[in-house]
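Read off the chains here:
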Amino acid sequence: MAKWVYNFGDGKADGRAEMKNLLGGKGANLAEMASIGLPVPPGFTLTTEVCTHFYQNDCNYPKELTQQVEEALTLVQQRTGRVFGDSSNPLLVSVRSGARASMPGMMDTVLNLGLNDQTVEALAKKSGDRRFAFDSYRRFVQMYSDVVLGIEINHFEKHLDRAKEKRGVKQDCELLAEDLEKLVKSYKAVVQLELGEEFPEDPKAQLWGAIGAVFNSWMNQRAKTYRQLHDIPEWWGTAVNVQAMVFGNMGNDCATGVAFTRDPSTGTNEFYGEFLVNAQGEDVVAGIRTPQELTIKARKSHGSDLPSLEEVMPNIFKELLSVRSQLENHYKDMQDIEFTIQQGKLYMLQTRNGKRTAPAALQIAVDMAKEGLISKSQALMSLKPDLIDQ
């Protein structure tokens, strides 16, 4: 039987970094990080070969895929101790694309998948935080409706803006649980109005809808244009990564961030990045809130009054520094990472060789050779055009 699905988590992985043609860059590196003991939420990857099969067979999946996804989902449930669609201890997942070549922002992502009117109540009870549960739910309904159901996002943003105006606040995170509950109802009414049908409540149907949306996004116009501009072959396809959710929006001991293990502009050997407290990943890049710096030095150099991660979560910051070092030692290159902190615990969601300017590429190559991380010949090889921002 052909293998279409590869698992990762709990210090184990079916795949490895060298398998990015099959698992995509994201999936291959999630597998690699899991296998070297980094805190990666468990999940599984549908291979790029599924995408190829999908488009060669009139958008139909391989016949073995459903069973392999069910088995992989069962393994995630065992590894997390939660059950997908359960009304008392629900597992929620993210569904993300992951081509072998990085295509930032070109394809689709769905977070908080598995929420419905029953599981949101379970999440509220389990977390002890009704606001967090309904914040996650309203994000999910909006994202799924946009990505999978094809409803323009501005239909939902109007309701969000109205809710903030009514509450007299400027930030999404200032809305109360009751505001968010009303927003979910308003969002679902939008779906009913736009499509003439109700928002899907069945988590399995949600999952397959999101998987299909990611494969379909490989052929959306912006992805096609990006591939043409960057000479990425259409036949490569994309993988799909399904991963247990971790939450950066569960309170003030939670956060989400992005970072480079060295400065991508100058190449200086300094941790470089930003984060937001009580937020999910899309908030960092959305420009809704002002991100905070990782280090005290960066905060001071940028003249920011907002405290750095080094100040607000010093133990997590130290752990992140250790991960930074481990990744560079393992990959022998500067890394671009994504992380989430849930209730004081660090989780790694992505690593990849980071884009850098030409001067930074030269500086990083020289420094890593001096540090003994790479040889002089490896330093020359590291000056790859595909990693240098033009």
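Look up a bit, the structure's there.
Bear in mind that the values here come from a model prediction, so they are computed numbers and not experimental data.

Scoring rules and cut-offs
- Residues numbered from 1 in each chain as written.
- Predicted model: local features only at pLDDT ≥ 70, side-chain atom pairs only at ≥ 80, totals over all residues.
- Heavy atoms only, no water.
- Helix = DSSP H or I, 4+ residues; strand = E, 2+ residues; numbered from the N terminus.
- Contact = heavy atoms within 4.5 Å.
- Phe/Tyr/Trp six-rings, centres within 6.5 Å; stacked < 30°, edge-to-face > 60°.
- Buried < 20%, exposed > 50% of the residue type's maximum accessible area, 1.4 Å probe, protein only.
- 1 Å grid on protein atoms, 1.4 Å probe; cavity = no way out; pocket = protein on both sides within 12 Å on 5 of 7 lines; lining within 4 Å.
- Points joined across faces, edges and corners; volume = space filled by probe spheres on them.
- Nonpolar A, V, L, I, M, F, W, Y, C, P; charged D, E, K, R; others polar.
- Salt bridge = Lys/Arg side-chain N within 4 Å of Asp/Glu carboxyl O.
- Pairing = 2+ DSSP bridges.
- Core = buried A, V, L, I, M, F, W, Y, C linked by side-chain atoms within 4.5 Å.
- Expected span 1.5 Å × (residues − 1).
- Polar contact = N/O pair within 3.5 Å; in protein donor to acceptor, adjacent residues only side chain to side chain.

*Asks:* Quick rundown of the environment of valine 120? Include the residues and the values.
*Replies:* The topology assignment puts valine 120 in helix H4 (residues 119–127). Residues valine 120 and alanine 133, spaced 13 residues apart in sequence, show a C-alpha to C-alpha distance of 5.9 Å. Here valine 120 is in contact with Leu115, Ala133, Phe134 and Tyr137, once residues within four sequence places are set aside.

*Asks:* Before we move on, can you summarise the packing of aromatic side chains with the specific residues and values?
*Replies:* By the definition in use, this model includes 14 aromatic pairs. Both rings, one in phenylalanine 54 and one in tyrosine 55, keep their centres 5.1 Å apart while their planes meet at 85 degrees; by these two values the pair is edge-to-face. On the basis of relative accessibility, which here comes to 28%, the residue tyrosine 55 falls in the partly exposed class. Counting every residue linked through ring pairs, the aromatic cluster contains Phe54, Tyr55, Tyr61, Trp208 and Phe215.

*Asks:* Tell me about the layout of surface pockets, residues and numbers included.
*Replies:* Approximately 480 Å³ is the volume found for the second largest pocket. Along the walls of the second largest pocket sit 27 residues, with Arg82, Met245, Val246, Gln342 and Tyr347 positioned nearest its centre. For the lining of the second largest pocket, the element with the highest residue contribution is H4, accounting for 3 residues. Of the residues belonging to the lining of the second largest pocket, the class tally is 15 nonpolar, 7 polar and 5 charged.

*Asks:* Tell me about the pattern of salt bridges, and please be specific about residues and values.
*Replies:* This structure, assessed with the given rule, holds 21 salt bridges. Here aspartate 14 makes a salt bridge to lysine 3, at a shortest N to O gap of 3.4 Å. On the criterion of sequence distance, the pair formed by aspartate 14 in the loop between strand E2 (12–13) and helix H1 (20–35) and lysine 3 in the segment before strand E1 (5–9) is long-range, its members being 11 residues apart. In this structure, the salt-bridge partner of arginine 130 is glutamate 181, at a minimum N-O distance of 2.9 Å. With a gap of 51 residues between them, arginine 130 in helix H5 (residues 130–147) and glutamate 181 in helix H7 (residues 177–195) connect regions that are remote in the sequence. Overall, arginine 130 belongs to the partly exposed group, its relative accessible area being 32%. Take glutamate 181: its relative accessible area is 23%, and that puts it in the partly exposed class. A network of salt bridges, in which partner residues are shared, links Asp135, Arg138, Arg139, Asp161, Lys164 and Asp172.

*Asks:* A description of the sheet that holds strand E12 (residues 335–342) should follow, citing residues and the corresponding values.
*Replies:* Pairing is antiparallel across the open sheet formed by 5 strands, whose spatial order is E11-E10-E9-E12-E13. The open sheet has two edge strands, strand E11 (292–293) and strand E13 (345–353), and neither has a second partner.

*Asks:* Before we move on, can you summarise the pairing of strand E7 (residues 109–113) with the specific residues and values?
*Replies:* The element E7 is largely enclosed, with a buried count of 4 among its 5 residues. Here strand E6 (residues 93–99) runs beside E7; their pairing, made up of 3 bridges, is antiparallel. Along E7, the bridge assignment pairs valine 93 with leucine 113.

*Asks:* Now, about the environment of proline 385: what can you tell me, with residues and values included?
*Replies:* Tracing the backbone shows proline 385 in the segment after helix H15 (376–381). What makes proline 385 exposed here is its relative accessible area of 64%. Each C-alpha atom, one on proline 385 and one on lysine 355, is 9.7 Å from the other, the two residues being 30 residues apart in sequence.

*Asks:* Describe the nonpolar core, and please don't skip the residues or the numbers.
*Replies:* Phe44, Leu46, Val95, Leu113 and Leu207 are the most contacted members of the largest nonpolar core, which has 67 residues in total. Top contributing element to this core by residue count: H5, with 9 residues. Those residues in contact with valine 95, other than ones at most four positions away along the chain, are Asp108, Thr109, Val110, Leu113, Leu207, Ala210, Ile211, Val214, Val240, Asn241 and Val242. Counting 26 residues, the second largest nonpolar core, distinct from the first, contains Leu30, Ala255, Ile316 and Tyr331.

*Asks:* Summarise H5; cite the residues concerned and give the values.
*Replies:* Between the first and last C-alpha of H5 there are 26 Å, a value that for 18 residues agrees with the 26 Å anticipated at 1.5 Å per step. Its side-chain oxygen placed 3.1 Å from the backbone nitrogen of arginine 131, aspartate 129 serves as the N-cap of H5.

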